[in-house]
Amino acid sequence: MTKTVRPIVLTLGALAVVLPLLVVVFGTFKTLPQLFDSPLSPPSSPTLDNYRRAVDEGGLAAAFVNSAIVTAGAVVLTLAVASLAAFFCARVPGRVGWIVFGVLVAGLAVPAQAAIVPQYVLFDRLGLTDSLLGLVLVDTTMTLPTAVFILGGFLRSIPEELYEAAELDGAGPLRVFRSMALPLTRPALATTGIFLFVMDWNDLLYPLLFVRSHEHRTLPLALLDFQGEFLTQYPLLFAGVVIASAPVVVVYVLLQRFFVSGLTAGAVRG
Amino acid sequence: MSSTRSARSRRAARALWWFPVPALALYLFFFAYPTVQAVQYALTDWDGYSATYDNVGLSSFTELATGDDVFRNAAANNLKLTLTVVLAQTALALLLALYLVRTTRASTLLRALFFLPTVLSSVSVAFVWRFVYDPDGGLLNSALRAVGAGSWQSVYLGNPDTAVFWLALTQVWFHVGQMMVVFIAGLQAIPRELYEAADLDGAGRWARFRYVTWPLVAPATGIVVAYTTVQSFKAFDLVLGLGGNPPGPALDLLSTRVYTTFSNNRFGYAAAQSLVFMALIALLTWVQRRAVRRAT
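Residues numbered from 1 in each chain as written. Chains lettered and ligands numbered in written order. Predicted model: local features only at pLDDT ≥ 70, side-chain atom pairs only at ≥ 80, totals over all residues.

## Overview of the domain arrangement of chain A
Residue and element names in this part refer to chain A. The following threshold applies: Reported domain spans reflect what an automatic or database domain assignment gives. The way it works is that DSSP assigns letters per residue, a run of H or I at least four long becomes a helix, a run of E at least two long becomes a strand, and they are numbered from the N terminus. Nonpolar residues are Ala, Val, Leu, Ile, Met, Phe, Trp, Tyr, Cys and Pro. Charged residues are Asp, Glu, Lys and Arg, and all others, Gly as well, are polar.
Parsing chain A into structural domains produces domain 1 (2-47) and domain 2 (52-268). Of all the secondary-structure elements, those providing two or more residues to the side of domain 1 that touches domain 2 are helix H1 (2-27) and helix H2 (32-37). Considering each element in turn, the side of domain 1 that touches domain 2 owes the most residues, three residues, to H1. Taken together, the residues that form the side of domain 1 that touches domain 2 break down as four nonpolar, three polar and one charged.

## Observations concerning helix H10 (residues 186-202) of chain A
The condition that has to hold: For a helix, the expected span equals 1.5 Å multiplied by the number of residues minus one. Three exposure classes are used, all based on how many other C-beta atoms lie within 10 Å of a residue's own C-beta (placed from the backbone): buried at 20 or more, exposed at 12 or fewer, and partly exposed between those limits.
Between its terminal C-alpha atoms H10(A) stretches 24 Å, which fits the 24 Å expected from 17 residues at 1.5 Å a residue. For H10(A), the tally of buried residues reaches 13 of 17 residues, placing the bulk of the element in the interior.

## As for the packing of helix H6 (residues 116-125) of chain A against helix H2 (residues 21-42) of chain B
Inclusion rule: The axes are straight lines fitted to the C-alpha atoms, using for helices just the contacting stretch, and the angles between their N-to-C directions are given from 0 to 180°. Reported orientations rely on four angle classes, namely roughly parallel under 35 degrees, roughly antiparallel over 145, roughly perpendicular from 65 to 115, and oblique for the rest. Helix crossings get a hand from a simple test, with the near helix turned counterclockwise from the far one by less than a right angle marking a left-handed crossing and a clockwise turn marking a right-handed one. Think of it this way: build a C-beta for each residue from its backbone, and any pair within 7 Å is a contact.
Interaxial distance between H6(A) and H2(B) falls to 7 Å at its minimum, and their mutual angle equals 115°. Put simply, H6(A) runs roughly perpendicular to H2(B). Regarding H6(A) and H2(B), the two cross each other, and that crossing is right-handed. For the pair formed by H6(A) and H2(B), the contact residues are Val117(A), Pro118(A), Gln119(A) and Leu122(A) on the first element and Phe30(B), Pro34(B), Gln37(B), Ala38(B) and Tyr41(B) on the second. Each residue belonging to the contact of H6(A) with H2(B) can be placed in one class, and the counts come to seven nonpolar, two polar and no charged.

## Remarks on the nonpolar core
Buried together is how nonpolar side chains tend to be arranged in soluble globular proteins. Condition: The nonpolar core criterion groups buried Ala, Val, Leu, Ile, Met, Phe, Trp, Tyr and Cys residues into a set whenever they are joined through C-beta atoms within 7 Å.
Counting residues in hydrophobic clusters, the biggest one holds 167 residues, and the most contacted among them are Ala82(A), Ala85(A), Val148(A), Ala23(B), Met180(B) and Phe183(B). Of all the elements, helix H4 (residues 60-91) of chain A adds the most residues to this core, at 16 residues. Formed jointly, this core draws a minimum of three residues from each of two domains, domain 1 (2-47) and domain 2 (52-268) of chain A. Ala85(A) has contacts with Val100(A), Leu104(A), Val148(A), Phe19(B), Pro20(B) and Ala23(B), leaving out every residue within four places of it along the chain.

## Topic: the interface of chain B and chain A
Facing the 67 residues of chain B at the interface are 68 residues of chain A. For the side of chain B that touches chain A, the element with the highest residue contribution is H2(B), accounting for eleven residues. Taken together, the residues of the side of chain B that touches chain A sort by class into 50 nonpolar, 14 polar and three charged.

## Structural notes on the environment of Asp203(A)
When you line up the elements, Asp203(A) lands in the loop between H10 and helix H11 (205-210). Once residues within four sequence positions are removed from consideration, Asp203(A) is found in contact with Asp139(A) and Pro220(A).

## So, unusual backbone geometry
Residues and elements named next belong to chain B. Residues Asn245 and Pro246 are joined by a peptide bond in cis, for which omega reads -5°. With respect to the helices and strands, the residue Pro246 is situated in the loop between helix H12 (237-243) and helix H13 (254-263). Positive phi values are uncommon outside glycine, yet Tyr156 reaches one of about 55°. Mapped onto the secondary structure, Tyr156 falls in the loop between helix H7 (139-146) and helix H8 (163-188). Judged by the 22 C-beta atoms lying within 10 Å of it, Tyr156 falls in the buried class. In the Ramachandran plot, Asn265 falls in the positive-phi region, its phi being about 65° despite a non-glycine side chain. Mapped onto the secondary structure, Asn265 falls in the loop between H13 and helix H14 (267-295).

Shown next, in the form of structure tokens:
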């Protein structure tokens, strides 16, 4: 029986993923009546009008740049501070390493929503709510526990003798970190980096809480605003979806291995 | 010579103590401290901008427990959503993993395909499914009409009794591939000899699953159930994208309730709600860990 059930389940599953996405991509080149008329057919007279309007009227160009800045800033900053902290936890003698590790990783158990009200007040007092720097800082903070968790596990798995050999050669911690630990940690850094990239690029909560002005919106927030402006203008919504998703999907296709390990490491942490 | 060397190494060792400082500073100042402050806020009626506020003690919590029907409605929706997603997503992810565990070219391609939605943003997924569910020209209803099943058409999210289950379906579509990957890793860790032994005992397909696969994949099942529970319990962006901001009562969840209360400038009350929300997540995780430990 499995012989016949398996292909049926897999085909239906594949169609369930492919069809909606195909409708979206085709739909970006159609007018609304064309989309409603034949959602599945390729566009007969393709138009770029939806992309143009999504960028011009929806403000997606500015939002794209903001998302790129916030994501790049947060990913680099998180990797830097998390790998330094994880290195400390792996190298410091005695129990201190485990305590610091425990404190940083404890954040995994606390959902972001627990702190949003005081966080808003704190960032507002510092003048960091309606700013890209504020988003970089809050994204970095909120993804730190996962990053320390993945990198810490990896750095601990490097054999003690390698560290000792480097230290006997008279290398200080910064040298050991830079010229030995970091190169060996490259796969874990890539995995963590991908995880952070997806989290930061797609984050809606903090831009929604913090950003007030149009010019500081990131992509998910600008996209959410489409709801009000273009309620059922699906081809326009779809153009927005494609613009917002393109970078992640391109990187996914190129670096699939790291994506699967990155997002799974993010899941298995609990 | 040796004394300068040890002095240098001591100085070098001290440098190591600076390494965790940036991470700890960010973490303690921007996350730990606000989390503790939330408790303080929850005991006041602060509106977010006034210079003064009153200490109201635990009255926010008693109101939440007894008088707040809107909050209770959101909690009920959360429970329905999480139960549905956990059952459906875990079962489907395991099924897909069983079908795709052997590495062939076709299964590698299908794994990549099922994983794809996970990398999209929630708002994007919400917009895709808005069209799928559109009652007039949407994908589901036009498909039903096309195959002559027009009487099965529905308004989906427009029906308050079932809206939350359609939300659950979208959530499963979104994340089932991620959980499939966890199951595949779990399945691949099962030693082949156990299946060979089962074959020697003449075990059928079902017996192999019941006595080898199911007990040995249990650690992966535990991870999947725990992660899916928390992930679906915290669903936020997806609801705002599908149900609007703020969502109507049929799609209101605890996360969106906290946000709406905050947007309405009831900071003290929102802090109380967020703490209850956090406590519920902790409770769920704890109950689940116990259940998983007992089962394995």
